[in-house]
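An overview of the molecular structure
Each chain, letter by letter, is given below.
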Amino acid sequence: MAATTFYDLDHFRADFPILCQTVHGYPLAFLDNAASTQKPADVITATKKFYETGYANVHRGAYWLSEQATRQYEGARERVRAFINARHVEEIIFTRGATESINLVAATWGQTYLQAGDEVVLTWLEHHSNIVPWQMLASAKGLTLKVVPVDDEGRFLWEAYQSLLSSRTRFVAVTHVSNVLGTILPVKDIVAAAHAVGAKVLIDGCQAVPHMAVDVCDLACDFYVFSGHKLYGPTGIGVLYGREVLLQNMPPYQGGGDMIASVTFEKAHWAGLPYKFEAGTPAVAQAIGLAAAIDYIESIGLSAIAVHEADLLHYATQRLAGIRGLRFLCPAPQQTKTSVLSFTLDCAHPHDIATIVDRYGVAIRAGHHCAQPLMQRFGVPATARASFGLYNTREEADALADALERVRGIFGP
Ligand code: PMP
């Protein structure tokens, strides 16, 4: 698709076949993009075409079809490299998703280089997948986890972070953007401060890459992770970026085919990067689909998407603010967040809210959003969450507001 100079929303919506359906007799308003995004026809077609005309296992076959599949799979890796501006294609490891990417770093770098008494710094804004792997490692190795607090608007507290850093800090694992609040963290500064005390930094970019351009060289981070399915790509594919020198000096994560140079019963020698970390048959079709997703969003332009989503956020915030008894979890200023709105209603539990608005075709999330510590911080067991993507419309924000008024009508005075 050619680059567009204005935001042709109708055209982009038509690229997503799933969006044209009705749910319970109402047009589908898909507002759960922070959980997962829908797939454009380009992604579906690229995957289908691969299975129809190009499918074979990669790296092993001496035959034409396998060479073609390998070329496409490695082409996808290069596409990801360019997308986040990594220096070397060997720094891009394909995983099953962000969760696996984080577990990989904890189980390899963490297992090798951290020892009892070392400190790992997290934030209150983390998803469970950037908490639990570090907790598991901490209990196995006697590490201490330190957690940077957030203020009442969900903002990362810089002074508190600085006061937690010391010569004992060996690792900092932070989200780029909160999946509950949309808060954007000052990751470049976080990295610089961590490096100043000699710590390495992993950034969880799941909620950032669909909304903003990411340049891992500019951030100077050591590791950056994200999932394909939140980036309009397939499930079952994720990315771990790691600085080459670090990856080279980490042991493999899993053993098996494809990650070795040679094997005897006495010993195995590891393959070079990136294959050392990709044991077994990889998710070839999913990697190709992810590359198609990146092509697609770059054809629209991340800055154009960001402007559109900021408008939606502003509009939806105003619409929802008019609903009696609705409380936003964090009324953070627009410019410091992405297009996510977490809220509660005084008259209904978030699960009831989500179930009822679904009857009007509106898909939102309810629950703890895999961020139970953050829920505890704000004193709520759960919230309802609407999150907007490149294809959402003001009419869908209206549909949400209207459905919430109906919830009020059912439960409230
Ligand atoms: N980190 C964040 C910030 C997320 O929002 C999510 C998904 N909700 C994850 C990590 C985990 O991603 P996945 O389930 O795709 O591995």
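Predicted, not measured: the structure shown is a model, and the values here were computed from it.

Considerations on the domain arrangement of the protein chain
If you check the domain split of the protein chain, you get domain 1 (9–30 + 301–411) and domain 2 (45–298). Centre-to-centre, using C-alpha coordinates, domain 1 lies 29 Å away from domain 2. Across the contact, 35 residues belong to domain 1 and 31 residues belong to domain 2. Summed over both sides, the interface between domain 1 and domain 2 buries roughly 2,600 Å², with carbon and sulfur atoms accounting for 61% of that surface. Inspection of the domain 1/domain 2 interface yields one salt bridge. Notably, a salt bridge pairs Arg 377 with Asp 152, separated by 2.8 Å at the nearest N-O pair. Taken together, domain 1 and domain 2 are joined by 16 residue pairs in polar contact (both at pLDDT 80 or more).

Remarks on the pattern of salt bridges
With the rule as written, the count across this model stands at 21 salt bridges. Here Arg 385 ties to Asp 32 by a salt bridge, and the two come within 3.3 Å at their closest N and O atoms. Placement of Arg 385 in strand 17 (residues 383–387) and of Asp 32 in the loop between strand 3 (29–30) and helix 2 (41–54) is noted, with a sequence separation of 353 residues between them. Comparing Arg 385 with Asp 32, the two get one shared label, buried. Among the charged side chains, a network of salt bridges with common partners joins Asp 32, Arg 365 and Arg 385.

Focus: the confidence of the model for the protein chain
Residue-level pLDDT values for the protein chain average 96, and 98% of them are 70 or greater. Mean pLDDT across the elements of the protein chain ranges from a minimum in helix 13 (residues 372–377), with 94, to a maximum in strand 9 (residues 223–227), with 99.

A closer look at empty space enclosed by the protein
One water molecule sets the probe size; rolling that probe over the atoms shows where empty space is left. Under the definition given, this model contains two cavities of 30 Å³ or more. A per-class count over the lining of the largest cavity returns five nonpolar, seven polar and one charged. Each of domain 1 (9–30 + 301–411) and domain 2 (45–298) gives at least three residues to the lining of the largest cavity. Of the volumes computed, that of the second largest cavity is approximately 30 Å³. Here the residues of the lining of the second largest cavity are counted per class, giving six nonpolar, one polar and one charged.

Comments concerning the environment of Ala 304
Structurally, Ala 304 is set in helix 11 (residues 302–321). Remark: the alpha-carbon pair of Ala 304 and Phe 6, spanning 298 residues in sequence, is separated by 8.0 Å.

Analysis parameters
- Residues numbered from 1 in each chain as written.
- Predicted model: local features only at pLDDT ≥ 70, side-chain atom pairs only at ≥ 80, totals over all residues.
- Heavy atoms only, no water.
- Domains from an automatic or database assignment.
- Contact = heavy atoms within 4.5 Å.
- Buried area = accessible area lost by both parts, 1.4 Å probe.
- Salt bridge = Lys/Arg side-chain N within 4 Å of Asp/Glu carboxyl O.
- Polar contact = N/O pair within 3.5 Å; in protein donor to acceptor, adjacent residues only side chain to side chain.
- Helix = DSSP H or I, 4+ residues; strand = E, 2+ residues; numbered from the N terminus.
- Buried < 20%, exposed > 50% of the residue type's maximum accessible area, 1.4 Å probe, protein only.
- pLDDT = per-residue confidence, 0-100.
- 1 Å grid on protein atoms, 1.4 Å probe; cavity = no way out; pocket = protein on both sides within 12 Å on 5 of 7 lines; lining within 4 Å.
- Points joined across faces, edges and corners; volume = space filled by probe spheres on them.
- Nonpolar A, V, L, I, M, F, W, Y, C, P; charged D, E, K, R; others polar.

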